[in-house]
Amino acid sequence: MVPSYNYEVIVIGAGPAGSLAAAEAARAGKSVLVVEKDTEVGIPEHCGGLVSTSGLKKVIDDNSIIKKKIDKGAFIVKDQFFDFSFEKSNLVVIDRQLLDKKLASLAIKEGSDIVLGSYAFYKKENNVNLVYIKGKKLFAKYVINAGGSAYYPKKEGKILATQFMVALKNGNYDGIAVYINKELMPKMFGWYIPYEEGLAKVGAPGSPEIALLVAKKILNNLDLKGEPIKIMSSYLINGGPVFKNNTNDYVLIGDAGGQTKPTTGGGIIFGGIGGKIAGKLAAEDALDKYNEEYYERGPGKDLISQVKIKDVYDALNDSAIYKIVEALHKKDASFIDDEFDFHSKFIRRVLEDPLLALKVAEAIPSAVFSYLKSLFFS
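Just so it is clear, the structure is predicted and the values come from calculations on it, not from any experiment. (Residues numbered from 1 in each chain as written. Predicted model: local features only at pLDDT ≥ 70, side-chain atom pairs only at ≥ 80, totals over all residues. Heavy atoms only, no water.)

A. Fine view of the sheet that holds strand 3 (residues 50-52). What the 3 strands build is an open sheet, ordered 3-7-4; its pairing is antiparallel. Only two strands of the sheet have a single neighbouring strand rather than two, namely strand 3 and strand 4 (66-70). For this sheet, the mean inter-axis angle between neighbouring strands, taken without regard to orientation, is 35 degrees. Direction of pairing for strand 4 relative to strand 7 (residues 91-94): antiparallel, over a ladder of 4 bridges. Paired with Lys68 across the bridge in strand 7 is Val93. (Pairing = 2+ DSSP bridges. Helix = DSSP H or I, 4+ residues; strand = E, 2+ residues; numbered from the N terminus. Axes fitted to C-alpha atoms, helices over the stretch in contact; angles between N-to-C directions.)

Here it is in structure tokens:
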């Protein structure tokens, strides 16, 4: 006998993906509960908060969360500084805590209930969704799991990363910076993101000790000095999406579903869209169509391409990356519109440029270049 449902939809996690899923389902009249493990939505903050405005509008159209527009940046490879214009990239730094709170408020306004400070333990029993919360057993028709990296089912694809809020001593750099050093960071890179006057987010994959070493190298290249006033460590998901775990009444979205850019670990846009689609389909009693809607016809296609782009990056050494960045710098080639979020669009545009494609081909092994071209022109 199937018990009566406590909620038609239980959403695990009150990040952007979870809150948007809850808002969509509740707006359509479903009874919805959001379960958040932390005691405050948006805290602790793990994200750099760098997105394009084009991508952000797919999640929320609210300029109040934008802290800073980014018009320039730098790639630092082998301690060589390459400056780029990002005026056409529509890049902004957002207040990630405020974003989370606004989206959670939207879910509540649409009718969702929320429980804070509680881990959710999901179990399927007699073909029924059970979620254990603070010792209580709740039944749900649908469970949308946006609970973050802890629920990501792949053993590989999780990278410990540490980000510092740095108080600057001698001015500011108003652009973003990417620091590439394969000896220190074979699978990723370090980053600098201006936050507000005198403050910047500086981070890297690895332990706090390794990340602090990278942070100092980044600041040195920017002719800045500073000290961390906050340390944030968490796992970045860059192993690609998972969808074999999805069923007709249970889906993984956001970081839990690997809906983060394998190239950077950023997941606000991909997770947010994933949440909207999950909530909409749950409201329509059509959650079984999630993989089709998100991965076959939606943004998940770009994520799958980015996994292969990351494979190419992993195969390159610093010298090859240096040559590619140098060629992009000479052509003044940078992201346009939403290419910062959808990286495969940028790579395709580079490969369609005869001169840039030639420079890339000269910089990397022929087998790697052939593999890269096959991703876009097979």
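B. Fine view of helix 10 (residues 354-363). Turning to helix 10, its buried residues are Leu356, Ala357, Val360 and Ala363. One side of helix 10 carries all its buried residues, which in axial view fall inside an arc of 125 degrees. Away from the buried face of helix 10 by more than 90 degrees, exposed residues Pro354 and Glu362 are located. Elements in contact with the buried residues of helix 10: helix 8 (318-331), helix 9 (343-352) and helix 11 (366-377). Regarding helix 10, its N-cap is Asp353, as a side-chain oxygen of that residue lies 3.0 Å from the backbone nitrogen of Leu355 further along. (Buried < 20%, exposed > 50% of the residue type's maximum accessible area, 1.4 Å probe, protein only. Arc of directions from axis to C-beta. Contact = heavy atoms within 4.5 Å. Polar contact = N/O pair within 3.5 Å; in protein donor to acceptor, adjacent residues only side chain to side chain.)

C. Main features of helix 8. Between its terminal C-alpha atoms helix 8 stretches 20 Å, which fits the 20 Å expected from 14 residues at 1.5 Å a residue. Listed in full, the buried residues belonging to helix 8 are Asp318, Ala320, Ile321, Ile324, Val325, Ala327 and Leu328. Where the residues of helix 8 are buried, they touch strand 5 (72-77), strand 6 (80-85), strand 13 (176-180), helix 7 (300-315), helix 9 and helix 10. Where helix 8 begins, one side-chain oxygen reaches toward the backbone nitrogen of Ser319, 3.2 Å away; that side chain belongs to Asn317. One or two positions beyond helix 8, positive phi appears at Asp332, with a value near 55 degrees. (Expected span 1.5 Å × (residues − 1).)

D. Structural context of the pairing of strand 12 (residues 158-168). Taking burial as the measure, the 11 residues of strand 12 include 8 buried ones, the bulk of the element. Two strands pair when backbone bridges link them, and strand 12 and strand 16 (residues 226-237) are joined in this way by 11 bridges, in the antiparallel orientation. The residue of strand 16 that forms the bridge with Leu168 is Gly226. In the sheet, strand 12 pairs with strand 15 (residues 199-205) via 7 bridges, with the strands oriented antiparallel. Paired with Ala161 across the strands is Pro205, a residue of strand 15.

E. The arrangement of the packing of helix 7 against helix 11 in detail. Contact geometry of helix 7 with helix 11 gives a least axis separation of 10 Å together with a crossing angle of 165 degrees. Considering their axes alone, helix 7 and helix 11 lie roughly antiparallel with respect to each other. When you trace helix 7 past helix 11, the crossing you get is left-handed. Packed against helix 7, whose contacting residues are Lys308, Ile309, Asp311, Val312 and Ala315, the element helix 11 presents Val368, Tyr371, Leu372, Leu375 and Phe376 at the interface. Residue classes in the contact of helix 7 with helix 11 are distributed as 8 nonpolar, no polar and 2 charged. (Parallel < 35°, antiparallel > 145°, perpendicular 65-115°, else oblique. Left-handed = near helix turned anticlockwise from the far one by under 90°. Nonpolar A, V, L, I, M, F, W, Y, C, P; charged D, E, K, R; others polar.)

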